[in-house]
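Each chain is listed here by its residues.
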Amino acid sequence: ALVHAITTIALAGRVIASEELSKNIDADHMYGASDGAMLLFAHSCGYFAWDIVACFVEGGKINWGFVLHAVSCFLCYLFGQFPYLQYYGVRFLLFELSTPFLNAMYLLRKVGHTGLVHDAMQALFGLSFVLARIVYGLPLS
């Protein structure tokens with residue numbers, strides 16, 4: 001999840017920042033196509049296909065919430081390759097901005113560190129979550 005989040009943030013940022021990669025999707029938010037967006041969506045489809053399998057292979061009780069999340073994300077980014085709503089898909093993948101901090105908090109808890117670094121990761125997670133998903137994402141919705 002961490003590798004997917006970091007590469008997704010970088011790819012989405014590149015597509016948004018590059019006039020060449022974003023000119024078609026900026027011009028037509030519904031059906032505009034971008035090679036950069038298609039690469040980003042293929043990358044995310046691959047991750048979520050793996051995540052679907054991992055939900056069933058890990059053993060123990062199946063968390064259907066995780067399965068539903070993985071399947072719905074896989075389908076959203078699969079449909080985005082046709083092309084459909086690539087402008088929004090690229091921007092919604094920026095929701096991953098909070099994921100590295102969430103993973104860092106999880107790792108720190110697993111190894112028993114709950115001090116200043118954990119608190120900093122928790123604050124950065126909260127800040128990035130609110131900024132990316134609420135402040136930036138809500139108007140897009």
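Everything discussed here concerns the structure shown above.
Heads up: these notes are all about the structure in this document. (Residues numbered from 1 in each chain as written. Predicted model: local features only at pLDDT ≥ 70, side-chain atom pairs only at ≥ 80, totals over all residues. Heavy atoms only, no water.)

Along the chain, the regular secondary structure elements total 7 helices and 0 strands. Its helices and strands taken in sequence order, the chain reads α-α-α-α-α-α-α from the N to the C terminus. Each principal axis of the C-alpha distribution contributes one length, and for the chain these read about 50 × 35 × 20 Å. Split into buried and exposed, the 141 residues of the chain put 33% on the buried side. Long-range contacts, defined here as pairs at least 24 residues apart, represent 69% of the contacts in the chain between residues at least 6 apart. A total of about 8,500 Å² of accessible surface is found on the chain, and carbon and sulfur atoms cover 70% of it. Taking the average location of the 7 positive side-chain charges in the chain and that of its 9 negative ones, the two points are 9 Å from each other. (Helix = DSSP H or I, 4+ residues; strand = E, 2+ residues; numbered from the N terminus. Buried < 20%, exposed > 50% of the residue type's maximum accessible area, 1.4 Å probe, protein only. Contact = heavy atoms within 4.5 Å. Areas by Shrake-Rupley, 256 points an atom, 1.4 Å probe, with all protein chains shown as cover. Lys, Arg positive; Asp, Glu negative; His and termini not counted. Charge placed at Lys NZ, Arg CZ, Asp CG, Glu CD.)

Another aspect to go through is the pattern of salt bridges. On inspection of all chains with the given rule, the structure shows 2 salt bridges. One salt bridge in this structure joins glutamate 20 and lysine 23, with 3.7 Å as the shortest N-O distance. Taken together, the positions of glutamate 20 and lysine 23, both in helix 2 (residues 19–27) and 3 residues apart, correspond to about one turn of that helix. Looking at glutamate 20, the relative accessible area reads 56%, which means it is exposed. By relative accessible area, lysine 23 is classed as partly exposed at 44%. Linking arginine 91 and aspartate 26 is a salt bridge whose minimum nitrogen-to-oxygen distance equals 3.4 Å. With arginine 91 in helix 5 (residues 86–92) and aspartate 26 in helix 2, this pair connects stretches of sequence that are 65 residues apart. Judged by its relative accessible area of 6%, arginine 91 is buried. (Salt bridge = Lys/Arg side-chain N within 4 Å of Asp/Glu carboxyl O.)

Look at helix 1 (residues 2–17): 22 Å from first C-alpha to last across 16 residues, which is about the 22 Å you get at 1.5 Å a residue. Looking at helix 1, one finds that the buried residues are His4, Ala5, Thr8, Ala12 and Val15. Mapping the buried residues of helix 1 onto a view down its axis gives an arc of 100°, with all of them on the same face. Turned more than 90 degrees off the buried face of helix 1, the exposed positions are Val3, Ala10, Arg14 and Ala17. Tucked into the core, helix 1 has its buried residues touching helix 2, helix 3 (35–57), helix 5 and helix 6 (99–110). (Expected span 1.5 Å × (residues − 1). Arc of directions from axis to C-beta.)

Taken by themselves, the reported measurements are silent on function.
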